[in-house]
Amino acid sequence: MSNAYFVECHLDERLKLVETGTYQGMPTCDINDLGSIKTNLWETPPMNNTIADTYEIAMGRWSRRLSRSFLDFVAAPSCGALVDVGCGTGSLTLAAANRYPDARVVGIDLIPDYLTDALREEASNIELKTGDALSLPFENNSFDTAFSQLLINDLEDPEKAVAEMVRVTKPNGKIAASVWDRAGGLTFIRLFLDAAAILAGVEGEKLREEVFDVPYQDEDDLYDLWSDAGLGDIETATLAVRMDFIDFDDYWQSLMGAHSLIRNFFNRQYADTAYEIQQATRLAYLGGKTDGRRSLVASAMAVRGVVPA
Ligand SMILES: C[S@@+](CC[C@H](N)C(=O)[O-])C[C@H]1O[C@@H](n2cnc3c(N)ncnc32)[C@H](O)[C@@H]1O
């Protein structure tokens, strides 16, 4: 059974696989045992498989959920050509290809390893390409819709990326993007970052600041980004999804794969501090109850606009 199948399953189905021992892929450990934490959670990167598998466990399973409400918000035309910029493992690409079977859906990403054959085979109207959001390898006016999920504010030059999406989109076409609301809306990283800021002193506070310090973390700023790119009919929205974890181990897998700054920070800590931070995060996750399922909210901000005729 592949990890991709596991993360795609409904939570109840995933729990059943774990309970019956059918699923063998997730490392198990006794969280109270520091030795086991070192072996399974601390020194080993999550899943330890391909970059695409790691992304699926950490984030793909959540961005897949976000894709659905993001697509509702974008309200793209049901045929024509769409491009998903920074498509990763293809959460949005696949959702769009399934929703619009008559459309041609192109996913583009800088890192070829995300663009798996499995994704290519999921839908016949998907095309995948390697390329840079800051210099899209497409002619002017190639698409009816250009969108990007969870990329824009991580780029060195978000303005250039939006200009590129505008360039490759036809007049009257739609341009849209979504970004996580990191400080206000990502509960799952907040549990860890607050524990780190309290227990690891200046370094922990610096980590929290760095993770939160990204541009376009506000609907008004996103509106201005779209407006400065010359787009019309601009709308913004906040979209929410739930992150359903099986237990703390499952949560930790997602957390450690979600952001390289978080993973690198944790790996740098001395054993005692790492243990304290992990225990504090665990207590926050547990919320006074026994280990098990938890559902944490994550919110993203989205913007859409229309290329002038
Ligand atoms: C957080 S992931 C989001 C992936 C996907 N959109 C999703 O919703 O799951 C960001 C993606 O953008 C890609 N990326 C980063 N810089 C890029 C660039 N300059 N051009 C194209 N893709 C880029 C990364 O390789 C990664 O796959």
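Residues numbered from 1 in each chain as written. Predicted model: local features only at pLDDT ≥ 70, side-chain atom pairs only at ≥ 80, totals over all residues.

1. Quick notes on the overall build of the chain
The condition is simple: In this description a helix means any DSSP run of H or I spanning at least four residues, a strand means any run of E spanning at least two, and both kinds are numbered starting from the N terminus. Whether a residue is buried, exposed or partly exposed is read from the other C-beta atoms within 10 Å of its own C-beta, which are placed from the backbone; 20 or more gives buried, 12 or fewer gives exposed, and intermediate counts give partly exposed. Two residues form a contact once the distance between their C-beta atoms, set from the backbone, is within 7 Å.
On a plain count of helices and strands, the chain comes out with 14 helices and seven strands. Looking at the 309 residues of the chain, the share that counts as buried comes to 43%. The long-range fraction of contacts in the chain, counting pairs at least 24 apart against all pairs at least 6 apart in sequence, stands at 72%.

2. Looking at the site of the ligand
Using the following cut-off: Think of it this way: take the backbone, place a C-beta atom on it, and check whether that atom is within 6 Å of the molecule or strand, in which case the residue is near it. Amino acids are sorted into nonpolar (Ala, Val, Leu, Ile, Met, Phe, Trp, Tyr, Cys and Pro), charged (Asp, Glu, Lys and Arg) and polar (every other residue, Gly among them).
Neighbouring residues of the ligand: 19 residues in total, closest S63, G86, G88, A133 and Q149. For the shell around the ligand, the elements supplying multiple residues, two or more each, are helix 4 (51–74) and helix 5 (91–99). With three residues, helix 4 is the largest single contributor of residues to the shell around the ligand. Here the shell around the ligand is composed, by residue class, of eleven nonpolar, six polar and two charged.

3. Points about the confidence of the model for the chain
Just so we agree on the cut-off: Predictor confidence is given residue by residue as pLDDT, running from a minimum of 0 to a maximum of 100.
Residues with a pLDDT of 70 or more make up 84% of the chain, whose mean pLDDT is 87. Contacts for the low-pLDDT stretch residues 1–10, under 50 throughout, to residues beyond four places or in other chains number 19 contacts. In the model, residues 23–47 has pLDDT below 50 throughout and makes 39 contacts with residues more than four positions away in sequence or in other chains.

4. Digging into the packing of helix 9 (residues 187–199) against helix 12 (residues 248–258)
The following threshold applies: Here, axes are lines fitted to C-alpha atoms. For helices the fit covers the stretch in contact, and angles between N-to-C directions go from 0 to 180 degrees. Here roughly perpendicular refers to angles of 65 to 115 degrees, roughly parallel to angles under 35, roughly antiparallel to angles over 145, and oblique to all remaining angles.
In contact at an axis separation of 10 Å, helix 9 and helix 12 are set at 80° when each is read in the N-to-C sense. In terms of their interaxial angle, helix 9 and helix 12 are classed as roughly perpendicular. The segment helix 9 lies against helix 12, with F188, I189 and F192 engaging Y251, S254, L255 and A258. The residue makeup of the contact of helix 9 with helix 12, split by class, is six nonpolar, one polar and no charged.

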